[in-house]
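If you want the building blocks of each chain, they are given just below.
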Amino acid sequence: MSAPTPFSFIEKANRLVIKIGSALLVSGEDGTLRTAWLEALAKDVLKLKARGCDVILVSSGAVAMGLEPLGFKGRPTRLEEAQAAASVGQIRLAQAYQTLFASENAVIGQILLTIHDLENRPSYLNARNTVEELLARGVVPVINENDTVATAELRFGDNDQLAARVAQMAGADTLILLSDIDGLYDSDPRSNSTARFLEVVENVDAGVEAMAGPPSKTTPGTGGMITKLKAAKIALAGGCSMIIMNGHAPSPLGRLEAGERATLFPASTDALTVRKQWIRSLMAPKGYIHIDAGAVQALEGGASLLPAGVTGVDGGFDRGDLVAFMGPDGHLVGQGLTSYSSEHASLMQGRKMQDAHAVLGHVGRSALIHRDDLVLF
């Protein structure tokens, strides 16, 4: 049996996150966009979409593309200067993506995130649901850190770790970090000609972390191998495999398919399993939802929990809180993260989801608790 290759993980992925570094998008310090490179990447992405794979892009480049219009000769050192550059550059970056993907008859959607958005439960759920809706409609989400408002204390600091958090949030199978190096070596190949290339890394332990040097200071980006290994730990913990490859030449995914080498970090389990294990481990439900026998049967068949099967709501909880659900015999059936507050769940009790607008005054989520957000006991 042949050893797995990085491209074999891409082939079997249902959802893929691709991180694009600033140094790949722009050339030099003037922020000139590498249009031909981005056009080739768009073609790669659409080939994946054509075979049914969801693709999410996490793109750096906003600050780099805002430097020249504001007269900067290098990356600003003051936070407000970088935020101003990001404000100007983000528009240019979004325009570039929109133009190139539109030429391939594809639609992109932009999402700007901060650490707060992924740490705060309601914001996290909003971001995740937005991504899910975009993907369901065939849109390619392009995600970046919201540099114009993130403070120095509340920043991801590099988009490698942002990409890993996005992959975790979106339940991606594989994360690809397009870098300026082809993968991980046991020492810096720029200073050690005998450095050994690592094709597969099963576990990011202290020994592996010691192989990475400090963050890069020579490119428009802010990362380095150490940030990529931090991203690998986040991705693997979320059941997402990760690939580091040199993305500088055009068509990186096509080059992987042709056998170009890269470092693979294979996950030992899948994202949904990890999520379910985490939900199962939670021990303090904020409330209880009572459900009828039909709802119990539907849940056992793999369905989401719908309000039509709800017979009662106890306790006070907000959207995103952990709630437990009880069957008609009074026994605990399972638990999950609710998409509705206790007030709204009570109002929707016994009704169909399409009644949400009439009852609540707005269009609600597709389920009281989505099947990916619940476990049965």
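Provided above is the structure to which this section pertains.
Residues numbered from 1 in each chain as written. Predicted model: local features only at pLDDT ≥ 70, side-chain atom pairs only at ≥ 80, totals over all residues. Heavy atoms only, no water.

Would you mind going over the sheet that holds strand β12 (residues 287-291) in detail, with residue names and values included?
Taken in spatial order, the five strands of this open sheet run β13-β12-β14-β15-β16, and their pairing is mixed. Two strands close off the open sheet at either side, each with one partner strand: β13 (310-315) and β16 (374-376). For this sheet the average axis-to-axis angle between neighbouring strands, irrespective of direction, equals 20 degrees. Bridge count for β12 against strand β14 (residues 322-326) is four bridges, and the pairing is parallel. (Pairing = 2+ DSSP bridges. Helix = DSSP H or I, 4+ residues; strand = E, 2+ residues; numbered from the N terminus. Axes fitted to C-alpha atoms, helices over the stretch in contact; angles between N-to-C directions.)

Quick rundown of the packing of aromatic side chains? Include the residues and the values.
Applying the stated criterion to the full structure yields two aromatic pairs. Taking the ring centre of Phe9 as reference, the NZ or CZ of Lys12 above it sits at 4.2 Å. The ring of Phe197 has Arg261 lying over it, and the distance from NZ or CZ to the ring centre is 4.0 Å. (Phe/Tyr/Trp six-rings, centres within 6.5 Å; stacked < 30°, edge-to-face > 60°. Lys NZ or Arg CZ within 6 Å of the ring centre and 35° of its normal.)

Requested: an account of the side chain of Arg255, with residues and values cited.
Inspection of the secondary structure puts Arg255 in helix α11 (residues 252-257). A relative accessible area of 15% places Arg255 in the buried class. Polar contacts involving the side chain of Arg255 include one to the main-chain carbonyl oxygen of Ala249, which spans 2.8 Å. (Buried < 20%, exposed > 50% of the residue type's maximum accessible area, 1.4 Å probe, protein only. Polar contact = N/O pair within 3.5 Å; in protein donor to acceptor, adjacent residues only side chain to side chain.)

Summarise the packing of helix α8 (residues 159-170) against helix α10 (residues 225-237); cite the residues concerned and give the values.
Orientation of α8 relative to α10, taken along the N-to-C sense of each, is 10 degrees, at an axis distance of 8 Å. With respect to α10, the axis of α8 lies roughly parallel. Between α8, through Asp160, Gln161, Ala164, Arg165 and Gln168, and α10, the contact on the second element is made entirely by Thr227, Lys228, Lys230, Ala231, Ile234, Ala235 and Ala237. When grouped by side-chain class, the residues that make up the contact of α8 with α10 number five nonpolar, three polar and four charged. (Parallel < 35°, antiparallel > 145°, perpendicular 65-115°, else oblique. Contact = heavy atoms within 4.5 Å. Nonpolar A, V, L, I, M, F, W, Y, C, P; charged D, E, K, R; others polar.)

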